[in-house]
Amino acid sequence: MPSASSAVSDSGRPAPSSLWRDRDFRRLWVGQTASQLGEHTSLLVLPLFAVLTLDASAGQLGVLRAVGQAPILLLSLFVGACVDSWRTRTVMVLTDAGRTLALGAAALGGLLGLLGLPALLVVAFTVGALSVFFDVAYQASLVRLVRRDQLVRGNSALEGSRSAAQIGGPALGGALVSLLSAPIAAAGSALFFALSFLSIRRIRRREAIPERSERPPRMGRRIHEGLRFVVGDTSLRTVCLASAAFQFCFAAMMTVYLLFLPRELHLSGTAVGLALAATGPGALLGSVLAARLPGRFGYGVVLVSAAALGDGAFLCVPALHGSAAVTLPVLLAVGFAFGTGGQLVNVMVMAVRQTATPDGMQGRAAATITFVGMGMTPLGSLLGGFLAQEWGLRTSLLVTAAGMLLSPVVMALSPLARLGRSLPARAEGGRDRTPPFA
């Protein structure tokens with residue numbers, strides 16, 4: 001078997017100096033960027049359609065967001081077990097095709113006047129389910145395409161593409177809904193997924209899928225292996241707990257936030273899109289800093305500090321009053337700070353997970369963490385809708401924003417806070433070659 005340190009000719013993976021020269025990595029990057037643009041556009045288009053066109057109540061908006069997020073809870077563990085045995089390129093191509101068709105159908109239905117709340121629920125669930133497959137697959141695909149010592153650089157590049165999508169997606173979606181219509185905005189999302197499909201299907205490198213035994217373990221056993229592995233690893237277990245606390249409160253906060261901006265601050269769809277898009281430039285900065293700050297200050301210090309500063313930025317939003325000329329600049333600054341801190345956390349947590357996990361467990365580890373963390377988002381969205389109806393928008397926004405600070409508290413009290421300037425090496429079998437927290 002070729003050494004993990006081999007160059008392209010030996011291992012099929014690009015050498016450290018040629019990451020961006022590798023055509024397959026560039027195709028993955030382009031596909032990921034387009035996919036994230038489609039996702040971030042649709043994540044704004046569907047709620048805005050419900051709020052501005054269908055005059056959805058707080059409870060209805062909470063249900064819509066929960067339905068779109070429910071596949072994370074329902075499918076993540078199953079998807080993780082499958083992706084470890086499938087070619088990630090095939091998974092990504094099929095899910096891009098499916099999301100293109102789903103949003104294309106939504107656009108057509110909207111143009112014909114048939115896109116009501118029930119249809120929005122179906123589209124949201126379909127797109128959410130396919131996105132679970134894509135997100136788990138692309139995380140596993142990077143490990144199969146590049147060397148382990150390139151994971152931070154590769155993750156920074158892919159997370160940078162997600163940052164670009166966070167800039168363009170919400171702004172474009174809000175502008176299309178305001179200036180044209182929700183069906184046109186849905187069609188725009190479908191086009192992005194089609195572009196991702198065309199790019200990823202051109203990846204030519206044959207993936208090194210972990211060898212299967214003559215009698216592959218049953219699905220339930222594979223899922224159990226993933227759960228046991230994550231629970232048994234201190235760093236991954238902490239990531240799960242911190243992610244669950246953050247995603248639950250963030251989903252609740254975003255449900256209230258999407259109502260607060262147009263109804264309390266009286267912002268247009270375009271202004272709402274700009275406020276949400278502000279996380280993008282911050283995330284771009286976070287991607288750059290993620291490749292530099294940990295080596296200088298240590299992963300633990302940067303991880304906890306970034307989470308606290310980014311999540312805490314939203315605490316000032318409930319106090320905002322006045323015209324858009326006053327409130328929008330503050331919202332842009334809040335989004336920028338949240339994007340910077342959040343991206344630092346995303347890149348470092350993903351690098352921790354990928355480094356701590358053997359190749360044959362990558363999909364299941366990613367899916368297990370997604371299941372525990374993102375699986376809380378449907379419940380958070382429902383809670384946000386309930387609080388907005390019972391407590392009012394400002395009080396609910398303050399409570400849910402404060403709850404987001406539970407995540408950095410969990411990390412600060414864990415061994416993650418003591419991570420040094422380099423991540424621990426881990427053998428393929430899952431045993432540490434160095435102490436787990438350097």
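Residues numbered from 1 in each chain as written. Predicted model: local features only at pLDDT ≥ 70, side-chain atom pairs only at ≥ 80, totals over all residues. Heavy atoms only, no water.

(A) Quick look at the overall build of the chain. Looking only at helices and strands, the chain has 18 helices and zero strands in total. With 438 residues in all, the chain has 57% of them scored as buried. Taking the intrachain contacts of the chain between residues at least 6 apart in sequence as the baseline, contacts between residues at least 24 apart amount to 87%. Element-wise, carbon and sulfur atoms account for 66% of the exposed surface of the chain, whose accessible area totals about 17900 Å². (Helix = DSSP H or I, 4+ residues; strand = E, 2+ residues; numbered from the N terminus. Buried < 20%, exposed > 50% of the residue type's maximum accessible area, 1.4 Å probe, protein only. Contact = heavy atoms within 4.5 Å. Areas by Shrake-Rupley, 256 points an atom, 1.4 Å probe, with all protein chains shown as cover.)

(B) Focus on the nonpolar core. Core analysis: the largest hydrophobic core is formed by 54 residues, its most contacted members being M253, Y257, L261, F314, V317 and L331. The element contributing the most residues to this core is helix α9 (residues 234-264), with ten residues. Beyond its immediate sequence surroundings of up to four residues, Y257 is in contact with P262, A275, L276, F314, V317, L331 and L397. Formed by 26 residues, the second largest nonpolar core is a distinct cluster that contains A242, L303, A307 and V349. (Core = buried A, V, L, I, M, F, W, Y, C linked by side-chain atoms within 4.5 Å.)

(C) Geometry of the environment of G286. Position of G286 relative to the elements: it lies in helix α11 (residues 279-290). For G286, a relative accessible area of 0% gives the class buried. In sequence terms G286 and G342 are 56 residues apart; their C-alpha atoms lie 7.5 Å from each other.

(D) Just the pattern of salt bridges, in detail. For the structure shown, the criterion picks out two salt bridges. Linking D96 and R99 is a salt bridge whose minimum nitrogen-to-oxygen distance equals 2.9 Å. Taken as a pair, D96 and R99 lie in helix α4 (residues 88-111) at a separation of three residues, close to a single helical turn. Here D96 falls in the buried class, since its relative accessible area comes to 0%. The buried category is assigned to R99, whose relative accessible area is 0%. The partner of E264 in a salt bridge is R394, with the nearest N and O atoms 3.5 Å apart. Residue E264 is located in helix α9, and its partner R394 is located in helix α17 (residues 393-403); the two are separated by 130 residues in the primary sequence. (Salt bridge = Lys/Arg side-chain N within 4 Å of Asp/Glu carboxyl O.)

(E) Spotlight on the packing of α11 against helix α14 (residues 324-356). Two numbers describe how α11 lies on α14: the axes approach to 6 Å, and their chain directions differ by 35°. You can see that α11 and α14 cross each other, and the crossing is right-handed. Touching T279, P281, G282, A283, L285, G286, S287, L289 and A290 of α11 are G335, F336, F338, G339, T340, Q343, L344 and V347, all from α14. Here the residues of the contact of α11 with α14 sort into nine nonpolar, eight polar and no charged. (Axes fitted to C-alpha atoms, helices over the stretch in contact; angles between N-to-C directions. Left-handed = near helix turned anticlockwise from the far one by under 90°. Nonpolar A, V, L, I, M, F, W, Y, C, P; charged D, E, K, R; others polar.)

(F) Quick peek at α9. Between its first and last C-alpha atoms α9 spans 43 Å; for 31 residues at 1.5 Å apiece the expected length is 45 Å, and the two agree. Most of α9 is tucked away: 24 of the 31 residues are buried. (Expected span 1.5 Å × (residues − 1).)

(G) A look at the packing of aromatic side chains. In the structure shown here, the tally under the stated rule is five aromatic pairs. Here the aromatic rings of F246 and F250 are separated by 5.2 Å at their centres, their planes lie at 10°, and the arrangement is stacked. Linking F246 with F250, this pair stays in helix α9, spanning four residues, or about one helical turn. For F246, a relative accessible area of 15% puts it in the buried group. Plain terms: the ring middles of F250 and F338 are 5.4 Å apart, the flat faces sit at 15° to each other, and that makes the pair stacked. Taken together, the residues span a long stretch of sequence, with F250 in helix α9 and F338 in helix α14 at a distance of 88 residues. (Phe/Tyr/Trp six-rings, centres within 6.5 Å; stacked < 30°, edge-to-face > 60°.)

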